[in-house]
Amino acid sequence: MADSDGHITSGMILIVEDNIPFGELVAGTLREDGYQCHTVSTGAAALIWLASHPVNLLLLDYTLVDMTGEAFIAAMAEQGSQVPFVVVTGRDDSNLAVQMIKQGASDFVVKDTALLDRLPVVVSRTLQEAATMQRLCHAEQALRQSELRLARAQRIARIGSWEWDLQSNGLYFSPELFSILGYDGTAPPDVSLEWFYRQINPSDTCFVRKALSAAIESGRNLNQTFRIVTCSGEEIVVASQAELEYDSDGRPELLVGTLLDVTDRTRAEQEIHHLANYDTLTGLPNRNLLHDRLQQAIVQAARVQGSVGVLFLDLDRFKGVNELLGHRAGDQLLRTVAERLRVCVRESDTLARAGGDEFVIILSVVSDEDGISSAASKILAIISEPFVIEERELYLTASIGVAVYPTDGADVQSLLKHADLAMYQAKDMDRNNFQFFSSDLNVKVMERMVLESSLRRALERDEFQLLYQPQVDVITGSVVGFEALLRWHHPDLGTISPEKFIPLAEETGLILSIGEWVLRTACRQAKIWQDAGLRPVRMAVNLSGRQFRMKLDEIVAAILLETGFDPRWLELELTESILMRNASDNIELLQALTAMGCSLSIDDFGTGYSSLAYLKHFPLERLKIDRSFVRDVTTNPDDRAIAKIIIDMAHTLKMEVTAEGVEEREQLELLKRYGCREMQGFFFSRPVPAASAEKLLRKGITF
Ligand SMILES: Nc1nc2c(ncn2[C@@H]2O[C@@H]3COP(=O)(O)O[C@H]4[C@@H](O)[C@H](n5cnc6c(=O)[nH]c(N)nc65)O[C@@H]4COP(=O)(O)O[C@H]3[C@H]2O)c(=O)[nH]1
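Here goes a summary of the coordinates provided. All figures in this text were calculated on a predicted structure; none of them were measured in a lab. (Residues numbered from 1 in each chain as written. Predicted model: local features only at pLDDT ≥ 70, side-chain atom pairs only at ≥ 80, totals over all residues. Heavy atoms only, no water.)

A word on helix α10 (residues 287-304)
Item 1. Helix length check: α10, at 18 residues, gives a terminal C-alpha distance of 26 Å against a target of 26 Å (1.5 Å per residue), a fit within 8%.
Item 2. Within α10 the residues assigned to the buried category are Arg-287, Leu-289, Leu-290, His-291, Leu-294, Ala-297, Ile-298 and Ala-301.
Item 3. Residues of α10 that are buried sit in contact with α9 (263-277), β11 (307-315), β12 (350-355), β13 (358-366), β16 (398-405) and α14 (412-428). (Helix = DSSP H or I, 4+ residues; strand = E, 2+ residues; numbered from the N terminus. Expected span 1.5 Å × (residues − 1). Buried < 20%, exposed > 50% of the residue type's maximum accessible area, 1.4 Å probe, protein only. Contact = heavy atoms within 4.5 Å.)

Side note on the sheet that holds strand β3 (residues 57-61)
Item 1. Taken together, the 5 strands give an open sheet; going across it, the order is β2-β1-β3-β4-β5, and neighbouring strands pair in parallel fashion. In the strand order of this sheet, the two ends are held by β2 (36-40) and β5 (107-110), each with one partner. Neighbour to neighbour, the strand axes of the sheet diverge by 20° on average, direction disregarded.
Item 2. Here strand β1 (residues 12-16) runs beside β2; their pairing, made up of 5 bridges, is parallel. Bridge pairing in β2 places Leu-14 opposite His-38.
Item 3. Packed on one face of the sheet, helix α1 (residues 20-32) meets β1, β2 and β3 and runs near 175° to β2.
Item 4. Relative to the sheet, helix α2 (residues 43-52) contacts β1, β2 and β3, its axis offset from that of β1 by approximately 160°. (Pairing = 2+ DSSP bridges. Axes fitted to C-alpha atoms, helices over the stretch in contact; angles between N-to-C directions.)

Observations concerning the site of the ligand
Item 1. As a structural note, the neighbourhood of the ligand is formed by 22 residues, with Glu-483, Asp-603, Arg-627, Glu-663 and Phe-682 the closest of them.
Item 2. Arg-487 is positioned with one of its side-chain polar atoms (N or O) 2.9 Å from an oxygen atom of the ligand.
Item 3. The protein chains hide 86% of the 790 Å² of surface that the ligand would expose on its own.
Item 4. When contributions to the shell around the ligand are tallied by element, the ones reaching two or more residues are β19 (479-490), α16 (498-508) and β23 (599-605).
Item 5. Here the shell around the ligand takes 4 residues from β19, the largest share from any one element.
Item 6. For the shell around the ligand, the per-class residue count stands at 9 nonpolar, 5 polar and 8 charged. (Near = heavy atom within 4 Å. Polar contact = N/O pair within 3.5 Å; in protein donor to acceptor, adjacent residues only side chain to side chain. Areas by Shrake-Rupley, 256 points an atom, 1.4 Å probe, with all protein chains shown as cover. Nonpolar A, V, L, I, M, F, W, Y, C, P; charged D, E, K, R; others polar.)

Notes on the side chain of Asp-603
Item 1. Looking at the secondary structure, you find Asp-603 in strand β23.
Item 2. The buried charged residue Asp-603 lacks any salt bridge, with Lys-624 as its nearest oppositely charged partner at 4.3 Å.
Item 3. Other than its neighbours up to four places away in sequence, Asp-603 contacts Glu-483, Asn-542, Glu-573, Leu-574, Thr-575, Glu-576, Lys-624 and Glu-660. (Lys, Arg positive; Asp, Glu negative; His and termini not counted. Salt bridge = Lys/Arg side-chain N within 4 Å of Asp/Glu carboxyl O.)

A few points about the sheet that holds β13
Item 1. If you trace the 5 strands from one edge of the open sheet to the other, you get β12-β13-β11-β16-β17, paired in mixed fashion. Since the sheet does not close on itself, it has two edges, and those belong to β12 and β17 (434-436), each with one partner. The sheet shows a mean angle of 20° between the axes of neighbouring strands, direction not considered.
Item 2. Taken together, the 3 bridges between β16 and β17 define a ladder with parallel strand orientation. Within β17, the residue paired with Val-402 across the bridge is Phe-436.
Item 3. Where α10 meets the sheet, it contacts β11, β12, β13 and β16, and its direction lies at approximately 20° from that of β13.

Encoded structure:
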């Protein structure tokens, strides 16, 4: 506690005085001022009291009966007591005073007539000084601790720190910074700025110098990454950040910075960049980088009104080589082809592997078609030279399609597509030749050919993805199932809708392998969710007509076995037309599927020509009302009537019913009133990737 003048007027004072009446007199005076006091008459009693009580100040009579003042002070220090003390002595002896202060006394008072008047001031001042000392001590301790913590954190994070005193040009490096520079066991040198510049990779020195000057001139923070050669000769990459501090006149005084070893991170970034942009087999740019380079070439050509030639090369009958000699030989052949092609292109051109046995060459800024023709002829000639693979001589040819910017396309996509189309024409013309794209080509036929050829490769290139659209019980509000919907991410054409490629997949028979992939992926995903402890829900998978005819039950059984998915959660969606085609033959297959435990539903119900009489012969569990009826159900009386009939009919046949394509609350309310309990549509959620579908399943859908 302090009085109005700021004097400390509380605390426990131990008075050591062999003259007991005098000791009590002193205690009484100090008590009047608010202190607590305890009086002892010997040094030994004082030491015992000190050891067991909190004491803020000691008033020590220098001449004790049992020991000298000097011996008492030594004993006090020995027992670890740091209580401040004021010495009271009968003599006014300045030598003694100095000696006492040297021994640690805070003050010195003479036992004379004015003592009792002076004592409260001396006590208060001593307590105040002691409190200040204690605060200082704590602050120093905290500072030391925080410095230690910072040093530890810097050591763990491998962050070095530095300071450059701009006025004296002195440089300070932290121990961690020396350690980054390789001076771990060795003595660090006397650092100077010039010495530091010599540690930097010479190619980077210039910009580091410039960056430091710029930071000082502009006052902006420094943020630079550069290479350093450590004292063991190893090259590392470091990132340095610094900021300027100013003196009281506002002049730059200090540049304070950190330095971090980012070698591992930089290498990982370079590796990721390489993996994302280069083909691992041949080391050539991949499609990703090809797109970037073509874009750059277009921009450059546009600037000078020049042209760009895009050559799309496909090896003829490469598949046969692969099958005959195996994949290892196939890979070796592709690497050799890449090496040969590399020789044919200039530094400014780009040679990329577009996937499989396809390569693309960008001839940037070409003058005319003759230049492109001679490049293409050179390529064909170099490919037709014999290859020796695994001690076998092989002969290969290639077909090349050419598209030219700007005549055949103004952007990356159309140029690649047209070069691809022209390549198909070259293949048609008995291979081993090149063709320029011509807009007279039957584009529709060609486009189909391109689509078909890339569809053939889509599975092996992992270009398919399943999205999942939730099916919701509108009474309870919970997700009761998902419909798996297929997407094709074409590398050039972007995402292609299933409505566009499923018919083609059907015609070409590719739907069998694609459909199997869909079934396997959907079952595997649903099993992953179940294994993760999520509530089991239905997984609905679309089937196409062609799949329906090909031993579907065996395929489904094999996939269920492989994935371990319980068939009672699998629903197979068939369209009306599939069902009604060879209706009687289908019944057997449908029965085999339901015997396995799967359920069946009719998709897009209402759009086909289902015979109601027949419907009841099929082991169907669910009807899905087509979204074309749902769309206008609130406005079109006919659609409303159809929707109502379908719902009633489903119930009569003891079937479940799901409305598809619900986009608005009004549609939901109306269909719910008609007795439709399960719905699906954008109103609840669009089809989403697996991770988002999982979130919907965990958190539910609010509507
Ligand atoms: N306007 C509107 N549309 C909605 C709404 N809710 C859902 N849809 C869309 O409606 C389609 C429902 O699938 P579907 O009738 O089986 O129709 C499917 C199905 O017949 C076929 N399909 C999709 N995936 C596969 C598959 O894996 N195999 C087979 N064979 N066919 C598939 O492609 C069709 C189209 O599929 P998607 O483009 O994914 O289109 C999906 C879905 O995105 C909505 O509220 N409004």
